[in-house]
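Remarks on the overall topology
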Amino acid sequence: MNSRSAYGSDHPIGVAVLGMGNVGTEVVRIIQNQTEDLRQRVGAALVLRGVAVRRPDVDRGIPAELLTTDAHALVARDDVDLVVEVMGGIDPARELIGAALSAGKSVVTANKALLADYTGELAAAALPSRADLYFEAAVAGAIPVVRPLIQSMSGDRVNRVVGIVNGTTNFILSAMDETGADYDETLAEATRLGYAEADPTADVEGFDAAAKAAILASLAFHTRVTAADVYREGISKITSEDMETAAAVGCTVKLLAICERVPGRPAAEEGGKDRISVRVYPALIPRKHPLSAVTGAFNAVVVEAENAGRLMFYGQGAGGAPTASAVMGDLVMAARNKFYGGRAPGESVYAELPIAPIGDTPTRYHVNLQVADRTGVLQEVAGEFARHGVSISTVRQEGSDEGARLVVVTHEAAESALADTVAALAELESVTSVTSVLRLEGTEE
Ligand code: NAP
């Protein structure tokens, strides 16, 4: 035993678990079933002091005396040294974590929604008391990506993080790609199979992915990024025609979380400072891109750094046991710090890079148009792109019963320039409709 530690064979490390749902149940199971391994890995035993729930009368297979509805009292107990927050939501999780950290009790949380907006506040609460705040499970479940960004890559310069970080939407898009079914039908199937919640809004409209993008961008760029800084579009407008269009050009559609360093312009314009772009939207990606192979409810995150090059992290991004694995890794780290007197890295926001507005963000686009089948139309359409400074990479024309279909793929263009182009195209007499506008990512492969 370490002679400096207050913990050891006579003094175990007390753990409170807040929430015993999908994740909490597995955390409690592991703490109870792996006591000896955990003791060996930490140096002192981890002892479960109590579990906070809303409904204490539900049989959860643990002694009833461990259950409480008074989470505040549990956190405040003298024999609780570490708190695992897996109840979710903003309140009361925010107050409970704040109270624990202020009292010097380290916290492990899986709560992305809370962290996306309140990491600064929680990190400040942890500073004076030297408590740790760990949150590996908040992004991409079992996949280690938070710790690599905070620790392994702390000597490198990250330029880009691109991920599939929401299993529900990836399940839906993969199924639409495989079966050709439309969005509503696939969502209903995902709900039936338990991949989508009864109210799927947080997943399908991209809120969950945006919270994770905010966390990833904060870590990658040493800048505080909140959910409100993330440009967000969900997948609910993706149609089976979009999937067909994607397939026709060797692509599939994925909901991507993209965190990118946008190099600073010359000093005279913006002080030369890099900016960051953080966005979540469905995009076409080539089938040969590594993220295209991430199907079903799986998650993956690709990190591109100046010296490391490209790293890819892949695995189960949700589910009770996978998420509990990440929580337990953090719990062991926090417990070791108690035992050996170490400390987790605190929040790093020194870079304070400004957020680039989405209008300035350059992306390639795939624009589908229904047009009149007559000569000169192609020139009119191409002229509108040119007039707005959007350079065309390829154009494909197909005949159809209602006229002709034009599929235009652009080089990189600013969102605002593309939006103006699309508005102008819609006004052209020769354009019957702008059927879809999809972003194209990953073509630098
Ligand atoms: P869940 O199944 O809904 O469980 C929530 C638990 O918290 C329940 O046991 C509930 O008690 C308890 N609870 C809620 N409000 C409470 C309150 N005010 N006081 C006391 N107990 C309260 O949630 P989950 O799926 O385990 O998710 C937990 C957290 O992990 C969330 O932040 C989520 O975003 C995050 N996460 C989840 C996953 C996943 O795959 N599920 C993956 C990554 C991250 P009752 O049981 O009595 O209702």
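Structure: above.
The model shown is predicted, which means the values in this text are computed figures rather than measured ones. (Residues numbered from 1 in each chain as written. Predicted model: local features only at pLDDT ≥ 70, side-chain atom pairs only at ≥ 80, totals over all residues. Heavy atoms only, no water.)

A count of helices and strands for the chain gives 15 helices and 17 strands. Relative to a compact globule of 445 residues, whose C-alpha radius of gyration would be 22 Å, the chain shows 25 Å and is just as compact. The C-alpha extent of the chain, read off along each of the three principal axes, is 90 × 55 × 35 Å. For the chain, long-range pairs separated by at least 24 residues make up 74% of all intrachain contacts whose partners lie at least 6 apart in sequence. A total of about 19200 Å² of accessible surface is found on the chain, and carbon and sulfur atoms cover 50% of it. (Helix = DSSP H or I, 4+ residues; strand = E, 2+ residues; numbered from the N terminus. Rg over C-alpha atoms; globule rule 2.2 N^0.38 Å. Contact = heavy atoms within 4.5 Å. Areas by Shrake-Rupley, 256 points an atom, 1.4 Å probe, with all protein chains shown as cover.)

To continue, consider the pairing of strand β11 (residues 298–305). Burial analysis of β11 places six of its eight residues in the buried class, the great majority of the element. In this sheet, β11 lies alongside strand β7 (residues 158–164) in antiparallel orientation, the contact comprising six bridges. Directly across from I164, in β11, lies its bridge partner A300. Summarising the sheet, β11 and strand β12 (residues 309–316) pair through eight bridges and their orientation is antiparallel. Bridging across to β12, V302 finds its partner in M312. Taken together, β11 and the strand that follows it, β12, pair antiparallel across an intervening segment of three residues. (Buried < 20%, exposed > 50% of the residue type's maximum accessible area, 1.4 Å probe, protein only. Pairing = 2+ DSSP bridges.)

This paragraph deals with the packing of aromatic side chains. Applying the stated rule across the entire model yields three aromatic pairs. Ring centres 4.1 Å apart and planes at 20° place the aromatic pair F171 and Y195 in the stacked group. On the criterion of sequence distance, the pair formed by F171 in helix α7 (residues 167–179) and Y195 in the loop between α8 (183–192) and α9 (201–204) is long-range, its members being 24 residues apart. Note on F171: relative accessible area 14%, which makes it buried. In this structure Y195 comes out as partly exposed when scored by relative accessible area, which is 38%. With a centroid separation of 5.3 Å and 10° between ring planes, the pair formed by F298 and Y314 is classed as stacked. Of this pair, F298 sits in strand β11 while Y314 sits in strand β12, and the two are 16 residues apart along the sequence. With relative accessibility at 48%, the residue Y314 sits in the partly exposed group. Seen from the ring of F207, R232 lies directly overhead, with NZ or CZ sitting 3.8 Å from the centre. The residue whose ring lies beneath R439 is Y281, and the NZ or CZ to ring-centre distance is 4.0 Å. (Phe/Tyr/Trp six-rings, centres within 6.5 Å; stacked < 30°, edge-to-face > 60°. Lys NZ or Arg CZ within 6 Å of the ring centre and 35° of its normal.)

The residue H366 is located in strand β13 (residues 362–371) in this model. H366 has contacts with T245, V249, L284, V407, V408, V409, S436, V437 and L438, leaving out every residue within four places of it along the chain.

Around the ligand, the structure places 21 residues, and the nearest of them are M20, V23, R55, R60 and G319. Here G21 contributes a backbone N or O atom positioned 3.1 Å from an oxygen atom of the ligand. R54 places a main-chain nitrogen or oxygen 3.0 Å from an oxygen atom of the ligand. Out of a free accessible area of 900 Å², the ligand has 79% covered by protein chains. (Near = heavy atom within 4 Å. Polar contact = N/O pair within 3.5 Å; in protein donor to acceptor, adjacent residues only side chain to side chain.)

Where like charges cluster on the molecular surface, the negative patch consists of D182, D184, E185, E241 and E244. Elements represented by at least two residues in the negative patch include exactly α8 and α11 (240–248). Mapped onto the fold, E244 is located in helix α11. Its relative accessible area of 54% is what places E244 among the exposed residues. (Patch = residues over 30% accessible without salt bridge, like charges linked within 9 Å, V, L, I, M, F, W, Y side chains within 5 Å. Salt bridge = Lys/Arg side-chain N within 4 Å of Asp/Glu carboxyl O. Lys, Arg positive; Asp, Glu negative; His and termini not counted. Charge placed at Lys NZ, Arg CZ, Asp CG, Glu CD.)

Judged by how many residues are buried, strand β9 (residues 251–262) sits mostly within the fold: 12 of 12 residues are covered. Here β9 shows a buried face lined by C251, V253, L255, A257, C259 and R261 and a second buried face lined by T252, K254, L256, I258, E260 and V262. Note: β9 against strand β10 (residues 275–286), 12 bridges, orientation antiparallel. Each bridged residue has a counterpart across the sheet, and for R261 the counterpart in β10 is I276.

Below, the discussion takes up the layout of surface pockets. Leftover empty space is mapped by rolling, across the atoms, a probe with the size of a water molecule. When its volume is computed, the second largest pocket comes out at roughly 600 Å³. Counting only elements with at least two residues in the lining of the second largest pocket, the list comes to α5 (112–129), β6 (133–134), α6 (146–152) and α10 (207–221). Looking at the lining of the second largest pocket, its residues break down into 19 nonpolar, nine polar and eight charged. (1 Å grid on protein atoms, 1.4 Å probe; cavity = no way out; pocket = protein on both sides within 12 Å on 5 of 7 lines; lining within 4 Å. Points joined across faces, edges and corners; volume = space filled by probe spheres on them. Nonpolar A, V, L, I, M, F, W, Y, C, P; charged D, E, K, R; others polar.)

What follows is about α5. The largest bend in α5 amounts to roughly 80° and is located at Y118. Among the residues of α5, those classed as buried are L114, L115, A116, T119, G120, L122, A123, A125 and A126. In this fold, the buried residues of α5 make contact with α4 (93–102), β5 (106–109), β6 and α10. A positive phi of about 60° marks R130, the residue just after α5. (Bend = angle between axes of the 7 residues up to and from the residue.)

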